[in-house]
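Spelled out from the first residue to the last, the chains are:
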Amino acid sequence: MDFISPVLDVVSLICNCVGYRAASVRRLPESLKSLRTEMEKLSNVYKDVKERVEREENLEKNRTHVVGGWIQRAEAMEKEVNELKNKCEEEIQKKCYGTCCPINCRARYKLAKRVREKMVVVAALQSEGSNFQEVAVPLPSPQVIERALEEKPVVGPDTAFQKVWRWLQDEQVGSIGIYGMGGVGKTTLLKKINNKFLQSSINAFNILIWVVISRPTNLESVHETIRSRLDIPEDRWKGREEERKAEEIRRVLKTKKFVLLLDDIWEPLDLLRVGIPPLGDGNQSKIVFTTRSADVCGGMAAQKSIKVECLEEKEALSLIQAKVGEDTLNSHPDIPKLAEMVAKECKGLPLALIVIARAMASAKTPEEWERNLQKLRLYPKDVAGTENDLFSVLAFSYDSLPDEATKSCFLYCALFPEDYQIPSEHLIQLWIGEGFLDEYDDIQEARNQGGKITQMLKHVCLLEVGKLNGEYLKMHDVIRDMALWLACEKGKKKNKFVVKDGVGLISAQEVQKWKDAQRIALWNKTSIEELREPPCFPNTETVIVCMTRFTFPSSLFINMSVIRVLEFSNNKTLKLLAPEIGNLATLQYLNLSGTMIKYLPIELKNLKKLRFLILDEMFLLASLPNQMVSSLSSLQLFIMKSFSSMLQVDEIMLLEELEQLEYINDISIRLTSIRSIQRLFESHKLRRSTTSLQLTRCKGVNQVQLVSPSCIKELVLERCYELEEVKSKWSLQNSPIHNAASTTF
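Cut-offs and rules
Residues numbered from 1 in each chain as written. Predicted model: local features only at pLDDT ≥ 70, side-chain atom pairs only at ≥ 80, totals over all residues. Heavy atoms only, no water. Salt bridge = Lys/Arg side-chain N within 4 Å of Asp/Glu carboxyl O. Buried < 20%, exposed > 50% of the residue type's maximum accessible area, 1.4 Å probe, protein only. Pairing = 2+ DSSP bridges. Helix = DSSP H or I, 4+ residues; strand = E, 2+ residues; numbered from the N terminus. Axes fitted to C-alpha atoms, helices over the stretch in contact; angles between N-to-C directions. Arc of directions from axis to C-beta. pLDDT = per-residue confidence, 0-100. Contact = heavy atoms within 4.5 Å. Core = buried A, V, L, I, M, F, W, Y, C linked by side-chain atoms within 4.5 Å. Parallel < 35°, antiparallel > 145°, perpendicular 65-115°, else oblique. Left-handed = near helix turned anticlockwise from the far one by under 90°. Nonpolar A, V, L, I, M, F, W, Y, C, P; charged D, E, K, R; others polar. Polar contact = N/O pair within 3.5 Å; in protein donor to acceptor, adjacent residues only side chain to side chain.

Re the pattern of salt bridges
Overall, the coordinates contain 27 salt bridges when judged by the stated rule. Here K493 ties to E489 by a salt bridge, and the two come within 3.7 Å at their closest N and O atoms. On the basis of relative accessible area, K493 is assigned to the partly exposed category, the value being 46%. Salt bridges sharing common partners tie together R236, R240, E248 and R251.

This is the structure we're talking about:
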């Protein structure tokens, strides 16, 4: 009987195997359902990864090879699973006549086995896709970045461009200087050279770098611009001293054949401090720069230099005709001849031609042209020598502005540093604080008018579009110099507008000369030595002190009898506000954002004419004086959105104080509790006045319902983890959520 036991074992194994296969065959529908579920999970992971990749690629990044391969495998898997599902569904339908048994058990078993295998692979793809830390990496810097040019840029005779391009092809020429008066087209010529490299591979340069230098030279900014083009990693840059940064730039550039284009140099630039290796070591690299001074060309040891001349009469006429437009030129037979006379008055200076042409574009009758031409002739005719002549020509556009408010708004822009990106919203806010738009009682109406003024100033080329497509503005440096010249009564009152940017320490003796100043603006690492006597500013209406090392003396506010605007934002040295500020009876605008102030003086209550109070990003602020806000009887705008959790403020009490204010109509505030939110939305006045609302860490808030009327333009939801929905009682098309500048979950 010993032979029976092995036989039984074999029979048992066969039965188990057959049983397992039979179970697999029987459970095929169930397995197929599980595969569908796993595939749906993979599909969701795939969508998440794909969306992340698309967002990063919109930021000019490249998907990683690992992620790209995963996406391809996920897409292929979806196709394979769909094919397998179709085969399985067909097989499941095939049954022996009159029974539930499959026709072909072997075929169904093979399909069941493939389903199990696919489930393993699908699960692995899910896991891999869910754990991508990085889906894209920054694109390598292109060899050349195209610069925006007009369709037919005017830079004088083509011979200037052709000559510079010929020098660039000469191996014996390393540095080239382009000089000429402001507004003559030096930058345009440099842009044309830049873009020519997109079409040419002369000498096979590795990289072209464009740097704007401006005045005063900001070496830190120059270093940053070059670093970004060379893709120098943060760990070799951040926190290093100026010399180490220059060494790092030099180390990288020594390995490349480069073209360096430097725009707007005002004084000889020490290239060794920048980190530029000496030319002529056989690498055939090139440097081209623009400047207003022939002396700078000598100081920079340019091997070749060229002066950009003003346009010839024919070219000047073509430019002014193009800018005035055919509609105006054809509106009367006499206008083309008058346009020719205007072009002659501009002496071929491109910037002047463009500005004046825009000012003339709306003149459709000969009488208007003749009046404007006669007005233009009252200014000096020869603009080819001095900047005063240039200003006199450019001032024609200023004189053509429609009213004194617009002119004041324009001159005000000169208080910002050269090449500064001016936030348009902040600028308009300052204009309102200065009283330039006082004819509008409602802040929103004043803002709208401010927006129209910025559009007008851009249209007549007195302002330029800055970054972010209009959210920032720029003022051309020549226009800015002209504006300062006009603001100082054509140079007769030198210190009427005092603007200092990054000049370091200013002596007390210099400060004494500011007693007649109407507006004072100190920017970027500017400071004043200790004053023995209180400064006297009896005529000063505006004091802007931003991003400086300025030590604010307690006596600063003693002799300011007509002050309207104090803009102290982003001063990390401002830790204490002197109580004497309460004596500034005429103050209408106070911005303390980004300062290190911990306690506000109770004397702020005395500012009965204050209309704007901005306390944003004051991360050391510990409290607000009791009943301070409600004491500011003229207050129209209040901003306090970003602050530290250290701030001990009763939000309900603050809202009640704001509600007591008769003229308040623009509130930007952060709330952190359900009670505060309810208090705000229960008040018709607060709802109507709140334009920006930030809800932070609001425990227990699972729904926000916006009640009409509401003026909310920006709703920021930060760390409201229990929030499930935001409801509006009006159509989504007109809701503040739809139009919100920033809605963050």
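Let's talk about the sheet that holds strand β4 (residues 207–212)
With respect to topology, 5 strands assemble into an open sheet ordered β4-β5-β6-β3-β7, the strand pairing being parallel. In this open sheet, the two strands that pair with only one neighbour each are β4 and β7 (304–307). With strand direction ignored, the average angle separating the axes of adjacent strands in the sheet is 15°. Bridging between strand β5 (residues 258–265) and strand β6 (residues 286–291) involves 5 bridges; their strand directions are parallel. Its bridge partner being in β6, I265 is matched across the sheet by T291.

Points about the pairing of strand β21 (residues 690–696)
The element β21 is extensively covered by neighbouring structure, given that 7 of its 7 residues are classed as buried. In the sheet, strand β20 (residues 666–671) pairs with β21 via 5 bridges, with the strands oriented parallel. Looking at the pairing, I667 lines up with T690 of β21.

Quick notes on helix α13 (residues 335–345)
Within the span of α13, buried status applies to I335, L338, A339, V342, A343 and E345. Down the axis of α13, the smallest arc covering the buried residues is 155°, so these residues share one side. Directly beyond the C-terminal end of α13, a positive phi value near 55° is found at K347.

Comments concerning the confidence of the model for the chain
Averaged over all residues, the pLDDT of the chain equals 83, while 86% of them reach at least 70. Mean pLDDT across the secondary structure elements of the chain bottoms out at helix α1 (residues 4–26), with 47, and peaks at strand β17 (residues 589–591), with 97. A low-confidence stretch, residues 7–20 stays under pLDDT 50, and its non-local contacts, those more than four residues away or across chains, total 2 contacts. Across residues 379–389, confidence stays below pLDDT 50; counting only partners more than four residues off in sequence or on other chains, it has 19 contacts.

Digging into the nonpolar core
F410 and W431 are the most contacted members of the largest nonpolar core, which totals 105 residues. With 9 residues, helix α14 (residues 350–360) is the single largest residue contributor to this core. For F410, the contacting residues outside a window of four places in its chain are Y398, L401, L457, L462, M475, I479, M482 and A483. In this structure, L522, I563, A578 and I669 belong to the second largest nonpolar core, which totals 66 residues.

Quick notes on the packing of helix α23 (residues 651–660) against helix α24 (residues 674–682)
Two elements in contact, α23 and α24, have axes whose closest approach is 9 Å; the angle formed by their N-to-C orientations is 15°. Viewed along their axes, α23 and α24 adopt a mutual orientation that is roughly parallel. The way α23 lies across α24 gives a crossing that is right-handed. Residues E651, I652, L655, E656 and E659 of α23 touch α24, and the partners they reach there are R675, S676, R679 and L680. Looking at the contact of α23 with α24 residue by residue, the classes come out as 3 nonpolar, 1 polar and 5 charged.

Points about the environment of M475
Relative to the helices and strands, M475 resides in the loop between β10 (472–474) and α20 (477–487). For the pair formed by M475 and K458, sequence separation is 17 residues and the distance between their alpha carbons is 9.4 Å. In contact with M475, not counting residues within four places along its chain, are F410, C413, A414, L462, L463, R480 and A483.

Thoughts on the side chain of R227
You can see R227 is positioned in helix α7 (residues 219–230). The exposure class of R227 is buried, given its relative accessible area of 14%. In terms of polar contacts, R227 uses its side chain to reach the side chain of E224, at 3.3 Å. When neighbours within four sequence positions are excluded, R227 is seen to be in contact with I232, P233, E234 and W237.

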